[in-house]
Amino acid sequence: MRRALVRRPTEHAAIRAACRSPRPLPSVPALMAALLVANEHGDREAVTLCAHRVVRAAAPEVGA
């Protein structure tokens, strides 16, 4: 008996699919609060992530 091959999306296909759907960001004040908390805890990765999200949330929409 021959079994059907179950195709699974690759990482590239999954990322491409995620990029097609909008992901609303939290408000800038909420992101700034998270940035302060991350900085107080010394979490450098979270500080970087929060800082990038603040910039992204504050940037004007391109092509809208």
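Here the structure is shown first, and the text comes after it.
Each value, and the rule that gives it
Residues numbered from 1 in each chain as written. Predicted model: local features only at pLDDT ≥ 70, side-chain atom pairs only at ≥ 80, totals over all residues. Heavy atoms only, no water. Helix = DSSP H or I, 4+ residues; strand = E, 2+ residues; numbered from the N terminus. Buried < 20%, exposed > 50% of the residue type's maximum accessible area, 1.4 Å probe, protein only. Areas by Shrake-Rupley, 256 points an atom, 1.4 Å probe, with all protein chains shown as cover. Contact = heavy atoms within 4.5 Å. Axes fitted to C-alpha atoms, helices over the stretch in contact; angles between N-to-C directions. Parallel < 35°, antiparallel > 145°, perpendicular 65-115°, else oblique. Left-handed = near helix turned anticlockwise from the far one by under 90°. Nonpolar A, V, L, I, M, F, W, Y, C, P; charged D, E, K, R; others polar.

Novice: Lay out the overall build of the chain in plain terms, naming residues and giving numbers.
Specialist: Helix and strand content of the chain: three helices and zero strands. Mapped from its N terminus to its C terminus, the chain presents α and β elements in the order α-α-α. Across the 64 residues in the chain, those meeting the buried criterion constitute 8%. Accessible surface computed for the chain: about 6,100 Å², of which carbon and sulfur atoms make up 59%.

Novice: A description of the environment of Asn 39 should follow, citing residues and the corresponding values.
Specialist: Note on placement: Asn 39 falls in helix H2 (residues 28–40). Of the residues examined, Asn 39 reaches a relative accessible area of 53% and is grouped as exposed. Between the alpha carbons of Asn 39 and Cys 50 there is a distance of 9.8 Å; along the sequence they are 11 residues apart.

Novice: Can you break down the environment of Val 54 residue by residue, with the values?
Specialist: As for its placement among the helices and strands, Val 54 is situated in helix H3 (residues 44–58). Of the residues examined, Val 54 reaches a relative accessible area of 12% and is grouped as buried. On a C-alpha basis, the gap between Val 54 and Leu 35 in space is 8.7 Å, while along the polypeptide they are 19 residues apart. Other than its neighbours up to four places away in sequence, Val 54 contacts Val 28, Leu 31 and Met 32.

Novice: Now, about the packing of H2 against H3: what can you tell me, with residues and values included?
Specialist: Relative to each other, H2 and H3 sit at 165 degrees, their axes nearing to 9 Å. Relative to H3, H2 is oriented roughly antiparallel. Crossing geometry of H2 relative to H3 is assigned as left-handed. Packed against H2, whose contacting residues are Val 28, Leu 31, Met 32, Ala 34, Leu 35, Ala 38 and Asn 39, the element H3 presents Ala 46, Val 47, Cys 50, Ala 51, Arg 53, Val 54, Ala 57 and Ala 58 at the interface. Among the residues forming the contact of H2 with H3, the class breakdown is 13 nonpolar, one polar and one charged.

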